[in-house]
Amino acid sequence: MTDQFTSDPSKPAQRMRAGSMVIPLVPWGIAAVLLMVLPFIFTANSAITIMNQMAITIIFALAYNMLLGQGGMLSFGHAVYAGVGGFACVHIMNMDDFFAGIPLPLLPIFGGLMGMGLATIVGSFSTRKAGTVFAMISLGVGELIAACSVIIVAFFGGEEGISGDRTYGMPFFGVEFLQQIEVYYLIAAWLLISAALMYLYSRTPLGRMANAVRDNPERAEFLGYSARWVRFFSFVASGFFAGVAGALFAVNYEILTEENLNTTQSGLILLATFLGGVGFFFGPILGAIVFTLVQTVLSLQTELWGFYLGIVFVVTVMFFPGGLAGLIMMHVPAMRLGKLGRLGIPYLKTLGAGAVGCLGAAALIEMTFHLRHASAGDHSMTLYWITFDSHTMLPWIVAIAVTLIGFGIVRATAPALAEAWNDANTPDGAPR
Amino acid sequence: MEPLILKQKSRRASGIGITPDMDLILVNLIDGLVTGLLLFMLSAGLTLIFSMMGVLNFAHASFYMLGAYFAFQISLYIGFWMGLLIAPLVVGVLGAGVERYGLRRVHQYGHVPELIFTFGLALLIEEVVQFIWGKNQMPYATPEILQFTAFSIAGNSIPAYKIFMIFISIAIFIGLLYVLTRTRVGMIIQAALTYPKTVEALGHNVPLIFMGVFGVGTALAGVAGVIAGPVLGTFPGMAFVLGSIVFVTIVIGGLGSLWGALVASLLIGWITTFSKAYNLRMEDLLTWAGFTKPEPIWDSAWRDLWSITSPQIADILPYILMVLILIFRPYGLFGKRDA
């Protein structure tokens, strides 16, 4: 599950093995057990809602990464394929006779086929080139279809969207999916199936060729592969799983609107995938989990969560292009050497201080925002469970002091951390 | 999606669609020209930056928005004209800074991360604008000296500000053309577009040229923002409204082609203006083509097709045009085959 997509040319033996079509049992088994157990740990209805959203985002992010991470194609309009799959499923829910004949758990297949169909049409002309041209076309097509949603009312339902009822389907072994928890297990099962399929896809010769075309299309062509067709098949497969994600969205929320199609949605999935890390298979999973948590939890706490997210995203692109997964995998060499423990204390010092500094900076931002935009006369604000007057000097002095001290300690301890890092990544006895 | 067209249009709505006479065509030609030239100011910078660095600046329209906001803030203190002068300079310096400290760093990772970086920047700029100025539209207005009717055509008055916009854009276009084709700096830039390595070997500072072009391109977007802000509205969504149309423009024109950007901008300006001004109905078109209208229409699966009118689809016409261009001429109207 942790195989890096970029194969290491110095280890040909490993490269051969990387193509084997076997699912490693341990991580996938843990994932399956975790999915089974989670609702018993977090029993609240709101928690199950968040977990459903998370699972849908994971499938979508993995599908998106089939393009971005594995194929090197940056799409700015991928929400369209998920959205159209979802719309199709709501229409099937509203076809009484037909829907009564199929069990709900099979519905995502139809959503997937719909997304795949659309991807086949669009992909036929958009996958000629990768890179910038592909990104532009995906944006244009995405905008076109999103704009169509207010014109083609019969399919997209105009401004208010379309809604259905999932319980009219054929009962699945007696389950009618009336309750949220039943839907959770449906989504969890589909998550496991589609994640496994996507993982296996990345192991097929086609999936490996997608990596080759991403890294060096010219060379892939010389080897006799058509870069365009490889990209096309990646695109179609990604469209299928995006459609599955959209179908699960339809099953979960029973309503789809223009918001599921537009560029904002496409941008969010890019954010989630990239923050998680595009270089590893588990990156998008991580990204979708963290992103959904941030989106639901942080947006309750502050109006400015988009601002923080923007900063984190830009910093990630500039300094950690591997994303979260890349950061985690950076520690593998140290772990192999058995020296990971030596990083603990320096990390605690530097990152702890850094976190305090960030909290201080966030406090400054929040106070500035309050000063500028709160209604006149409203001087009291609450931050980190403390209520104070934003127009007096004291909180400002405290916040500035905390920020400066936090970042000051980071500066002072950074060399020690770098030293510890080098130490942990050097085998014992090796010349320094 | 917000209409791309200038607001003054709605006043004439009553006279439209009845007699398509010469006067109306002239009025719409002027309106389309204003929209098209505005688009061109954005797409010119974008296409220059693209042909130079091979990266599409997703945040280009955000610099346009920054231009409008800066000019509004400046106009509160020292008036519109100083805003027109200072705001683009500030935007240009900001743009150059972004190239120097952001893009140049991300460049080592490749084109796709560069594109993602500018995308993140666009998000961040929108959030920053909301942080500073809030979510509401700013009361940024045209200067009083230009608030009169320049002339009128058959009862349709053309405000002086529109004429002013046309002149500013044409002046900038001519200036750009002169600098690029007649001056030494322009020659070096053109050479650096095609053979950056050779130009560097001849002793020119190519990274500096890149930074300069990026700065000038964003400053151009800033100018567009300053003069469009009062008529199209200065609000946090203004970058998003125009952004994707600008991309469509340079794809249609051919990535990296300045002339293509001009032609495509004018084409899009006129197409959207005319399809909004003349209420062409799909119903008439289908009847003319020999189809019979299904009755009752509200129960037919084709009802949306029959009820389409041209003002309704005016905003998506550029996208349709783009898809058609991509299918039949993938490198755009004026683009090179390998672009």
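Cut-off values and rules
Residues numbered from 1 in each chain as written. Chains lettered and ligands numbered in written order. Predicted model: local features only at pLDDT ≥ 70, side-chain atom pairs only at ≥ 80, totals over all residues. Helix = DSSP H or I, 4+ residues; strand = E, 2+ residues; numbered from the N terminus. Buried ≥ 20, exposed ≤ 12 C-beta atoms within 10 Å, placed from the backbone. Contact = placed C-beta atoms within 7 Å. Rg over C-alpha atoms; globule rule 2.2 N^0.38 Å. Nonpolar A, V, L, I, M, F, W, Y, C, P; charged D, E, K, R; others polar. Expected span 1.5 Å × (residues − 1). Core = buried A, V, L, I, M, F, W, Y, C linked by C-beta atoms within 7 Å. Pairing = 2+ DSSP bridges. Axes fitted to C-alpha atoms, helices over the stretch in contact; angles between N-to-C directions. Parallel < 35°, antiparallel > 145°, perpendicular 65-115°, else oblique. Left-handed = near helix turned anticlockwise from the far one by under 90°. pLDDT = per-residue confidence, 0-100. Arc of directions from axis to C-beta.

Asker: Help me get a handle on the overall build of chain B, residues and values and all.
Answerer: When you go through chain B residue by residue, the secondary structure sums to 14 helices and 2 strands. Taken over 339 residues, chain B has a buried fraction of 45%. For chain B, contacts bridging at least 24 residues in sequence account for 78% of all contacts bridging at least 6.

Asker: Describe in detail the overall build of chain A, supporting the description with residues and values.
Answerer: Summing up its helical and strand segments, chain A has 19 helices and 4 strands in all. For 432 residues, the compact-globule estimate of 2.2 N^0.38 gives 22 Å, and the C-alpha radius of gyration of chain A, at 24 Å, lies within 12% of that figure. For chain A, the spread of C-alpha atoms along the three principal axes comes to 65 × 65 × 45 Å. The proportion of buried residues among the 432 residues of chain A is 40%. Here the analysis covers contacts within chain A between residues at least 6 apart in sequence; of these, 79% occur between residues at least 24 apart.

Asker: Mind laying out the interface of chain B and chain A, listing which residues take part and the relevant values?
Answerer: When the parts of a complex come together, some accessible area is lost, and that lost area is often taken as the interface size. On the side of chain A, 35 residues touch chain B, which itself brings 39 residues to the contact. Mapped by element, the contributors of at least two residues to the side of chain B that touches chain A are α3 (80-106), α4 (111-133), α9 (238-253), α12 (303-307), α13 (310-313) and α14 (317-328) of chain B. If one sorts the elements of the side of chain B that touches chain A by residue count, α4 of chain B sits on top with 13 residues. For the side of chain B that touches chain A, the per-class residue count stands at 28 nonpolar, 6 polar and 5 charged.

Asker: Give a description of helix α13 (residues 263-276) of chain A that names residues and reports values.
Answerer: Residue and element names in this part refer to chain A. Here α13 is 14 residues long and its end C-alpha atoms lie 20 Å apart, about the 20 Å a rise of 1.5 Å per residue gives. For α13, a buried count of 11 out of 14 residues is recorded, marking the element as mostly surrounded by other parts of the structure. When α13 is considered as a whole, its buried residues turn out to be Q265, S266, G267, I269, L270, L271, A272, T273, F274, L275 and G276. Note on α13: the residue one or two positions beyond its end, G277, has a positive phi of about 115 degrees.

Asker: Give a detailed account of the environment of S234 of chain A, specifying residues and quantitative values.
Answerer: All names here are of chain A. Relative to the assigned elements, S234 resides in helix α12 (residues 227-253). Assessed through the 28 C-beta atoms surrounding it within 10 Å, S234 is described here as buried. Residues S234 and Y201 lie 33 residues apart in sequence; the distance between their C-alpha atoms is 9.4 Å. With sequence-adjacent residues up to four places away left out, S234 is seen in contact with M66, L67, Q70, G71 and A210.

Asker: Any chance you could break down unusual backbone geometry for me, citing the residues and the numbers?
Answerer: The backbone of E254 of chain A sits at a positive phi, close to 60 degrees, despite the residue not being glycine. Checked against the element boundaries, E254 of chain A lands in the loop between α12 and β2 (255-256).

Asker: Explain the nonpolar core residue by residue, including any values.
Answerer: Residues and elements named next belong to chain A. I59 and A245 are the most contacted members of the largest nonpolar core, which totals 183 residues. If sequence neighbours within four positions are ignored, I59 has contacts with L191, S194, F241, V244, A245 and L248. If you look at the next biggest cluster of nonpolar residues, it comprises 5 residues, including A210, V213, A227 and V230.

Asker: Any chance you could break down the pairing of strand β4 (residues 386-389) of chain A for me, citing the residues and the numbers?
Answerer: Residue and element names in this part refer to chain A. In this structure, strand β3 (residues 380-383) lies alongside β4, joined through 4 bridges in antiparallel fashion. Residue pairing for β4: L383 is matched across the bridge by I386. If you look at the hairpin formed by β3 and β4, you'll find 2 residues sitting between the two strands, and Y384 has a positive phi there, around 50 degrees.

Asker: Kindly report on the packing of helix α3 (residues 45-71) of chain A against helix α14 (residues 283-301) of chain A, identifying the contributing residues and their values.
Answerer: Residue and element names in this part refer to chain A. Remark: α3 packs on α14, axes separated minimally by 8 Å, with the N-to-C direction vectors making an angle of 140 degrees. Here α3 lies oblique to α14, going by the angle between them. The chirality of how α3 crosses α14 is right-handed. Between α3 and α14, the residues in contact are I50, Q53, M54, T57, I58, A61, L62, Y64 and N65 and G283, P284, I285, G287, A288, I289, F291, T292 and T296, respectively. Across the contact of α3 with α14, the residue classes break down as 11 nonpolar, 7 polar and no charged.

Asker: Outline the confidence of the model for chain B, supporting the account with residue identities and numerical values.
Answerer: Residues and elements named next belong to chain B. Averaged over every residue, the pLDDT of chain B is 82; residues scoring 70 or more account for 90%. Here α12 stands out as the element of chain B with the lowest mean pLDDT, 71, in contrast to helix α2 (residues 60-78), whose mean of 91 is the highest. Across residues 1-18 the pLDDT falls below 50, and counting only partners more than four positions away or on other chains, this stretch makes 27 contacts in the model. Predicted complex metrics record ipTM = 0.83 and pTM = 0.84.

Asker: Describe the confidence of the model for chain A, naming the residues involved and giving the relevant values.
Answerer: Residue and element names in this part refer to chain A. Chain-level statistics for chain A give a pLDDT mean of 82 and a share of 94% at 70 or above. When pLDDT is averaged over each helix and strand of chain A, the minimum, 44, is found for helix α1 (residues 12-17) and the maximum, 92, for α12. In this model residues 7-17 is a low-confidence stretch, pLDDT under 50, and it forms 3 contacts with partners more than four residues away in sequence or in other chains.

Asker: Outline α14 of chain B, listing residues and values.
Answerer: For α14 of chain B, with 12 residues, the first-to-last C-alpha span of 16 Å sits near the 16 Å given by 1.5 Å per residue. Those residues of α14 of chain B not exposed but buried are P318, Y319, M322, I325 and L326 of chain B. The buried residues of α14 of chain B occupy an angular sector of 120 degrees when projected down its axis, which confines them to one face. Exposed side of α14 of chain B, more than 90 degrees from the buried face: L324, I327 and F328 of chain B are the residues found there. The inward-facing, buried residues of α14 of chain B contact α6 (107-126) and α7 (131-148) of chain A together with α9 and α10 (258-277) of chain B.

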